[in-house]
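Listed below, chain by chain, are the residues.
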Amino acid sequence: MVVNNNKDTKPWAWLRMSRKQYDSLRIWKKCNLSREEFGKFVLCLPSELIDEMYENATADMLVDAIFKTRKATLKK
C-alpha cells in the first residue's frame, strides 16, 4: 500500500485531475469539510484506492459514451 508522503503533491494531482476541475467540483463541500481538511484526507488515501476509483470512473465514462453513440446511431 502506497500512501502519498510527498508534501509537494497537490490533492487534485493525487486524484488525477486538473486544479480547475478540482476547484469547479468543490468536492469538499459535498463532504462537509473545509478545502484544507479534504485535501489532507485525499493525500492520506492509498494509491491503490485512487487507481481503482480512476479505473472505475474511466470504465463508466466509456460505457456511457458507447451507449450514447449507439442510441444516436439507432435514432437515424
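Residues numbered from 1 in each chain as written. Predicted model: local features only at pLDDT ≥ 70, side-chain atom pairs only at ≥ 80, totals over all residues. Heavy atoms only, no water.

### Topic: the packing of aromatic side chains
- Counted under the stated rule, the structure contains 3 aromatic pairs.
- With centroids separated by 5.2 Å and ring planes inclined at 45°, the aromatic side chains of Y22 and W28 adopt a geometry described as tilted.
- In this structure W28 comes out as buried when scored by relative accessible area, which is 5%.
- The rings of W12, Y22, W28 and F38 are connected pair by pair, giving a single aromatic cluster.
- Positioned over the ring face of Y54 is R16, at 4.4 Å from the centre of the ring. (Phe/Tyr/Trp six-rings, centres within 6.5 Å; stacked < 30°, edge-to-face > 60°. Buried < 20%, exposed > 50% of the residue type's maximum accessible area, 1.4 Å probe, protein only. Lys NZ or Arg CZ within 6 Å of the ring centre and 35° of its normal.)

Any link to function would need more than the numbers given here.
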